[in-house]
Amino acid sequence: MVKQKEKKLRVGVHSLTGCAGCQLSIYFIEDILLDLLDKIELIAAPMIKGANIDGPYDILFVEGSVSSQGDLENLKKWREEAKILVSLGACATHGCMQSMKHMMDEKQVEQTVYNKFPSEKNLQPITAVPLHNYIDVEFLIPGCPPSKDEIVQILKHVLQGRILRVYDKAVCHACSLKENYCLLDQGIECLGPLCNGGCQALCPSFNHPCTGCRGWLDDANIGSGKKLLEEKGFNIDMLVKRMTKYNALQFLEHEKKAKEK
Ligand code: SF4
Ligand code: SF4
Ligand code: SF4
């Protein structure tokens, strides 16, 4: 009997507005990608392939936030072409730095950035938001940049049908297990108690405060977190800047709810 050739998984990577660092996180797992080459076919990878093939994709990683008309059109097209769409990195999952314009006068920010607005409709800016504001996504990998381990986990999950465990603890959890000397106790404003972990407390382990690149915990009490940090003597303006670096939209949502109470 002739053995049927196993069909390879068609994998793609695409970008919206961002710095393209998330794409690099995928290419940096080249040793694992090479091992998987008999199982996957990288059909779209703008940074490393001259010719990129259009969908359909079995699994498509999309980095960047939706920040222009062109982004939105591309995203909707990719959604139709992808069986599994993965929102990759803080821009795609939380809006990241470009969504800080929600904290300011948006039109004024756009005017400052562009000076003269692009005439092409595709390039015209729209309000910067994560992918799931417009489409359904199957997986989210937060982080700036996202963790290579989580990218591999998702690929393996799809290839082997493994159950994917979602990490739902604060950054402090891993930090305490590592027995790090808490930065808050050293007078350094760390946002670890409010933020999604899963990064092995990367920053505090190198004495850098967590700035929340993996987003707020679903049940984070931002109000009391802010109050507690302020009571510890941290400057509130600086705290708000730090809290909105990646998560301006989540922060504003919280402020709105707090006002409604
Ligand atoms: S999440 Fe970070 S690394 Fe990824 S595109 Fe955005 S800014 Fe770049
Ligand atoms: S250093 Fe930061 S992440 Fe670590 S325990 Fe203290 S507050 Fe939490
Ligand atoms: S410690 Fe905080 S800022 Fe650093 S990688 Fe983890 S979530 Fe991101």
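Residues numbered from 1 in each chain as written. Chains lettered and ligands numbered in written order. Predicted model: local features only at pLDDT ≥ 70, side-chain atom pairs only at ≥ 80, totals over all residues. Heavy atoms only, no water.

J.: Would you explain the overall build of the protein chain in this entry?
T.: Summing up its helical and strand segments, the protein chain has eleven helices and seven strands in all. The C-alpha radius of gyration of the protein chain comes to 20 Å, within 12% of the 18 Å expected for a compact globule of 261 residues. Along the longest, intermediate and shortest principal axes, the C-alpha atoms of the protein chain span 75 × 50 × 30 Å. Within the protein chain, the fraction of its 261 residues that count as buried is 45%. Here the analysis covers contacts within the protein chain between residues at least 6 apart in sequence; of these, 74% occur between residues at least 24 apart. Per element, the accessible surface of the protein chain, about 15000 Å² overall, is 54% carbon and sulfur. Within the protein chain, one finds 32 positive and 33 negative side-chain charges whose respective centroids are separated by 2 Å. (Helix = DSSP H or I, 4+ residues; strand = E, 2+ residues; numbered from the N terminus. Rg over C-alpha atoms; globule rule 2.2 N^0.38 Å. Buried < 20%, exposed > 50% of the residue type's maximum accessible area, 1.4 Å probe, protein only. Contact = heavy atoms within 4.5 Å. Areas by Shrake-Rupley, 256 points an atom, 1.4 Å probe, with all protein chains shown as cover. Lys, Arg positive; Asp, Glu negative; His and termini not counted. Charge placed at Lys NZ, Arg CZ, Asp CG, Glu CD.)

J.: Just to check I follow, could you spell out the environment of Phe 117 for this structure?
T.: Assignment of secondary structure puts Phe 117 in the loop between helix H5 (106-114) and strand E6 (125-129). Residues Phe 117 and Asp 237 lie 120 residues apart in sequence; the distance between their C-alpha atoms is 31 Å.

J.: I would appreciate a short explanation of the site of ligand 3 in the present structure.
T.: All residues in the neighbourhood of ligand 3 are listed as Val 171, Cys 199, Cys 203, Pro 204, Cys 210, Thr 211, Gly 212, Cys 213 and Arg 214. For the shell around ligand 3, the class distribution of residues is six nonpolar, two polar and one charged. (Near = heavy atom within 4 Å. Nonpolar A, V, L, I, M, F, W, Y, C, P; charged D, E, K, R; others polar.)

J.: Whenever I open this one, the side chain of His 102 confuses me. Can you help?
T.: Here His 102 is to be found in the loop between helix H4 (90-94) and H5. A polar atom in the side chain of His 102 sits 3.3 Å from the side chain of Thr 127. In this view, His 102 contacts Thr 127, Ala 128, Val 129, Leu 249 and Leu 252; residues no more than four positions away in its chain are not counted. (Polar contact = N/O pair within 3.5 Å; in protein donor to acceptor, adjacent residues only side chain to side chain.)

J.: What is the right way to look at the domain arrangement of the protein chain in this model?
T.: The assigned domain composition of the protein chain is domain 1 (9-160) and domain 2 (171-260). For domain 1 versus domain 2, the separation of C-alpha centres amounts to 25 Å. On the side of domain 2, 14 residues touch domain 1, which itself brings 16 residues to the contact. Both sides together, the interface formed by domain 1 and domain 2 hides about 1200 Å², and carbon and sulfur atoms give 67% of it. Taken as a group, His 94, Met 100 and Met 103 account for 43% of the area that domain 1 buries against domain 2, more than any other trio of residues on that side. Where domain 1 meets domain 2, there are one salt bridge. One salt bridge connects Arg 214 with Glu 150, and the closest N-O pair in it is separated by 2.8 Å. (Domains from an automatic or database assignment. Buried area = accessible area lost by both parts, 1.4 Å probe. Salt bridge = Lys/Arg side-chain N within 4 Å of Asp/Glu carboxyl O.)

J.: Explain the site of ligand 1 here, please?
T.: In the region of ligand 1, the neighbouring residues are Gly 18, Cys 19, Ala 20, Gly 21, Cys 22, Gly 89, Ala 90, Cys 91, Gly 143, Cys 144 and Pro 145. Those elements that provide at least two residues to the shell around ligand 1 are helix H1 (21-27) and H4. Split into classes, the residues belonging to the shell around ligand 1 amount to seven nonpolar, four polar and no charged.

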